[in-house]
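So you can see what is in the structure, the chains are spelled out below.
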Amino acid sequence: MSTDPCEIKLKRVPSRKRSRDGVRSHLTPKKNVSSSETPAGEEELKTYFEDPESLFGSVDMKRKPAFLSSPPQYCSDHEDLFGDYDSILGDCSFMARLEDVEQDAKRQSTEKALEGSSAVDQGWGGGLRSSSPAFGALKTAGDHSRTTCGEGHAESDTMSGLNNKLHEDIPSSQSVFQQEVFTGTERGDTSTPVEKATGEHHIPDGSAERQGPKPHARWSMTDRMKRAMLENASAPSPSISKLAAWKEAVMTEEMDAAANTVQTVSSEIDLGPFYGLPTKVKDLIANLRGIKELYDWQKTCLTLDSVQQRRNLIYSLPTSGGKTLVAEILILKELLCRKRDALLVLPYISLVQEKVRGLAGLGLELGFLVEEYAGSKGRYPPVKRRNKKSLYVATIEKAHSLVNSLVELGRLESVGLLVVDELHMLGEGSRGALLEMTLAKVLYISKSTQIIGMSATLSNVEDLQRFLKADNYTSDFRPVQLVEYVKLKDTIYEVHPQEDDCFQFSRVLNFKYSSSMQKVDPDHIIALVTEVIPAHSCLLFCPSKKNCENVASMICKYLKKDFLLHREAEKAVLLQELRSSGGGALCPVLQATVPFGLAYHHSGLTNEERKLVEEAYTAGVLCLLTCTSTLAAGINLPARRVILRSPYVAMDFLKRSQYKQMIGRAGRAGIDARGESILILQEKDKLLVKQLVSSPMESCYSQLMHDNGKGVHSLILSLVGLKIARTLEQIREFVLGTLLNVQESHTCPERKLWDITQDSLEFLRQKGLLKVSKDCENNLVLEVTSLGRATYKGSIDMTYCDILYRDLSKGLDSLMLNSLLHLVYLVTPYDMVSQCKPDWMIFFRQFSSMTAAEQKMASGVGVPESFVARKAAGQTLLSYNHIKLITDPTVAARLYLALVLFLLVKENSLWSVANRFQLSRGFVQSLLSSASAFCSCVLHFTEELEEFWAYKALLTELTRRLTYCVRAELIPLMEVAGVLEVRAKQLYNAGYKTLSHLANADPSLLVQTIQNLSRKQANQIVASAKMLLTEKAEALQEEVNDLLALPPDLPSF
Ligand SMILES: Nc1ncnc2c1ncn2[C@@H]1O[C@H](COP(=O)(O)OP(=O)(O)OP(=O)(O)O)[C@@H](O)[C@H]1O
Ligand SMILES: [Mg+2]
């Protein structure tokens, strides 16, 4: 079996050669093997990799993955995978937290009693304000009738979860407590409404209360629990047989209910009049989205056989076709009717945040949770919820980690529906590979999970159908007609892709240019944009970031002064906000263009600036954005006219899919009667553009082989690590289900997929990530090594796992802790190094301002001051190599980036740091977010390696610091989807200091007190805060339940 020698030479550091420096690990099988990890002998290994069938029989595929003792945490490469973010922010004990929840609930119930009136459901706005948000979470779903209760409400709500627990395993000693509580409430010891075991609720008349409570009826939940715990310690187990009988009865009841549900679902009886949903959903969609009637295609799609019979489905329609709504209705069906969780995968963090904000209101009204998995948010594994179902809205990276964590715990079946928006992302590099891995795992493991994929730009849909075993629905419906034009010299041609002469004369552009203007604007951009702005909106796609800024500035110079008057006051507020987002600094280009209603939009803007610009554009305050192609697939910002400055992105000619996405922004449904796109072209590109507008869409190909087959390597490592496949036979079976296999002849024409798989196994073995050992029945099985486990759990790129191990080991010898620089250096992402060349003068200045300890640390990692000084003086490496100052330039560059991060962590503003290092603020921000992501990955990596135990506490805190480089008091507000630093500051200054403040805020008051906040945004902030609070409270409730549950493996007679 051969492995590409170059590949191994470049990337491999054999484990036995890895420097341990006294840190003894169990990475080298020979030196440290546990009995269960006994590696096969060399001979067996050789035979195994050459002829697996001679050694293996197949292993039972249905076997559940092992339940690990500690909950796993996953991370992925490009995203911040910040598992268990709550635990980072709050380290109070369970009892303390319980006490907090209880106090809060008591306070709220008292307030409610004082108000003396129940909250009334008043549709959307009223709905947000109705019912106790902080504690509503602790109620059973749909229990709105109980909001009027007075004293004892808090206890009752907390107890309702405990009563529910009676349906489940209860330790015999625990039952003393449980029964007392249960009978206590049944007897009406308090005025608390009782939730019976049947799930029915009734409101007692309070007579029991009037008779006076029993002696401990007023005990707090915490007291009861403490008492119960004491009793538990001494209680014998007398009631076990009674309990067992009772449990059996409950179980039978539950199984009957489950059987009924299954019957109902399979007989496809509509559970509600609106595509199986209650009419309330229809009303909410009308109120929240303004959509009163579904498009015909949407109706057809929702009643397709595939949908009814829950087969996998791919549907493709042009941009703006209304694909999202169909997916949302299917998700609601899954959550509300089938009562299973759903996972919605979107390609960008901004889209996830937008969707979480948009769905929070629906979730609150309909009683499901919306959980955000993007940026630094998301919990692995997700909290297991008994009462409510969850919709996980995730980026591709987070979805992959989420699925892994569910697989590991054998919980994947809890996800009933997986929806992938922009399915063509399967063909996009490493993210495409991750998406393919996620889908392949779901297909392989959870036969009951339905997969829905949607896209506007799919050509080889048959391949994807075969991969997903899916039906296909296609329509070319577009609610707003899109007319395509090209402009050549001063003539506009309408595009008719079907016809021989696809450019047909439309008109001659009417403009009066002076000669100087003609020189500055030879493409007549000003004439094209002024035909639509300021009355309508316009997007102008440019080939580069710099070009966006230049074109925006150029247009402003020639615009009439009248433009300044259009929505003048709002533009002034926008400028103010932009300035405060930069801590007083404002980009000079935006300063000049915003008063005219123009702005540029590209990755050089900070997240805050981008959001402010997007909001102002959506509101019509800005009428023209000059942007790069990234805007095309990001947030939904439609325009009356879309102009493409040239058919290039940087130096590359546009792809058909890029072109379609860009022009697809034209025409707003419900606002514009039609949309138009104009591509400016030069004579030399005419033929290419003809092909561009008339050729079919590019095909979407598997990316598992992308970047030297990294996808295949990490797929196999995680398959073995997650125990999805442990023999070659099982691995073969799995890879047969990938898109790569479907497209084998195209994607890897020279080698068979099976050869690639075997080479990959050998690669992983040689790299010390995979080994062969014997299972309990003495069969040889594949197993990940400790380093392998750490690598896939931390989602560490295999190129860097050895280097990371080496750096961290070295760090243990000499970690400098009197400054954060050393730790920051250790988590500076390796893959960002190539994106930034150090400015040696700046480096030298920064180096000189470091403390002696920091300089010593720099020297320790291999970058002495003399090296930086010589580079700053312009000397080349050659001229001083003879004095043995051989410093690895990539290590020096990494230290340079670490210095940038170090300053940011010290709470210097992004702008001042960007200025000091002469970097764009967008780059500095993306460095920061990838460092916080990587820090979280390194944390998970170290958690799997005993020798790195000391890093856990350090990296947990560092992740928090890197994630929120803001004042600590703003962090709770910034946890709410879409609340960035500027908005958090505004809210904080207006008195909204906690999540609870926001969740209970009156949206109308917010609009009045917070500058430049629309009613819609205020509603969304309040709804998102309510949702987050509910989610946190429910998580605590689940923790209570888990703590009080009977351990399944409790020894008993
Ligand atoms: N039945 C409907 N009636 C009126 N408007 C609708 C309807 N369905 C969807 N829309 C609106 O149409 C617009 C575009 O819908 P959507 O974002 O779902 O498009 P899409 O097909 O996903 O497009 P893209 O491929 O660009 O993402 C949205 O503003 C949405 O609210
Ligand atoms: Mg869409």
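Residues numbered from 1 in each chain as written. Chains lettered and ligands numbered in written order. Predicted model: local features only at pLDDT ≥ 70, side-chain atom pairs only at ≥ 80, totals over all residues. Heavy atoms only, no water.

Looking at the environment of E422
Filter applied, for reference: Numbering of helices and strands starts at the N terminus; helices are DSSP runs of H or I of at least 4 residues and strands are runs of E of at least 2. Exposure categories follow from relative accessible area, calculated using a 1.4 Å probe and restricted to protein chains: below 20% of the type maximum is buried, above 50% is exposed, and the middle band is partly exposed. Working rule for contacts: check all heavy atoms of both residues, and any pair within 4.5 Å makes them a contact.
Within the secondary structure layout, E422 lies in the loop between β7 (415-420) and α19 (429-445). Owing to a relative accessible area of 18%, E422 belongs among the buried residues under this scheme. Residues in contact with E422, not counting those within four places in the same chain, are P347, M454 and Q661.

A word on the site of ligand 1
So the rule is basically this: Near is defined per residue: the residue qualifies when any heavy atom it owns lies within 4 Å of the molecule or strand. Side-chain atoms alone can form a polar contact between residues adjacent in sequence; in general such a contact is a pair of N or O atoms within 3.5 Å, and within protein one must be able to donate a hydrogen while the other accepts it. Areas reported as accessible are Shrake-Rupley estimates using a 1.4 Å probe. Residue values count occlusion only from the protein chains shown.
Neighbouring residues of ligand 1: 15 residues in total, closest E293, Q298, S320, K323 and T324. A distance of 2.9 Å is found between a nitrogen atom of ligand 1 and a backbone nitrogen or oxygen belonging to E293. Between ligand 1 and the protein, one listed contact pairs an oxygen atom with a side-chain N or O atom of T324 at 2.5 Å. For ligand 1, whose unbound accessible area comes to 640 Å², protein coverage reaches 77%.

Quick notes on unusual backbone geometry
Here the residue pair Y380 and P381 is connected by a cis peptide bond, since its omega of -10° sits within 30 degrees of zero. Positionally, P381 belongs in the loop between β5 (369-373) and β6 (390-394). Of the consecutive residues I533 and P534, the connecting peptide bond is found in the cis state with omega at 5°. On the secondary structure map, P534 appears in the loop between α22 (525-530) and β13 (538-541). Located in the positive-phi region is H524, a residue other than glycine, with phi close to 60°.

Side note on the packing of helix α31 (residues 706-721) against helix α36 (residues 786-793)
Spelled out, the test is: Think of each axis as a best-fit line through the C-alpha atoms, taken over the contacting stretch in the case of a helix, with angles from 0 to 180 degrees between the N-to-C directions. Angle categories: roughly parallel below 35 degrees, roughly antiparallel above 145, roughly perpendicular from 65 to 115, and oblique for all the rest. Two helices crossing with the near one rotated counterclockwise from the far one by less than a right angle form a left-handed crossing, whereas a clockwise rotation gives a right-handed crossing. In this count, Pro and Cys sit with the nonpolar residues alongside Ala, Val, Leu, Ile, Met, Phe, Trp and Tyr, while Asp, Glu, Lys and Arg are called charged and the others, Gly among them, polar.
For the pair α31 and α36, the least separation of the axes is 10 Å and the interaxial angle reads 110°. Taken as axis vectors, α31 and α36 run roughly perpendicular relative to one another. Here α31 and α36 pass one another in a crossing that is left-handed. Residues L717, S718 and G721 of α31 pack against G788, R789, T791 and Y792 of α36. Broken down by class, the residue content of the contact of α31 with α36 amounts to 2 nonpolar, 4 polar and 1 charged.

Some words on the packing of aromatic side chains
Where we set the bar: Note on aromatic contacts: the rings of Phe and Tyr and the six-membered ring of Trp form a pair at centre separations within 6.5 Å, being stacked when their planes are under 30 degrees apart, edge-to-face when over 60 apart, and tilted otherwise. Whether a charge sits over a ring depends on NZ of Lys or CZ of Arg being within 6 Å of the ring centre and within 35 degrees of the ring normal.
The final tally for this structure, using the stated rule, is 19 aromatic pairs. A ring pair is formed by W840 and F843, whose centres lie 5.5 Å apart and whose planes are at 20°; its orientation type is stacked. Note that W840 and F843 are positioned in helix α39 (residues 840-848) at a spacing of 3 residues, about one turn of the helix. Across this residue pair, the class does not change: W840 and F843 are buried. Linked through ring pairs, W840, F843, F847, F867, Y896 and F917 together constitute an aromatic cluster. Over the ring of Y825 we find R894; its NZ or CZ atom is 4.6 Å from the centre of that ring. In this structure, R894 is placed above the aromatic ring of Y830, and the distance from its NZ or CZ to the ring centre is 3.9 Å.

Details of the sheet that holds strand β14 (residues 598-601)
For clarity, the threshold we go by: Two strands pair under a simple rule: DSSP has to find at least two bridges between them.
Taken in spatial order, the 8 strands of this open sheet run β12-β11-β10-β19-β16-β13-β15-β14, and their pairing is mixed. The open sheet terminates on both sides in strands that have one partner only, identified here as β12 (503-508) and β14. For this sheet, the mean inter-axis angle between neighbouring strands, taken without regard to orientation, is 25°. As paired strands, strand β10 (residues 481-488) and strand β11 (residues 491-495) are joined by 4 bridges and run antiparallel to one another.

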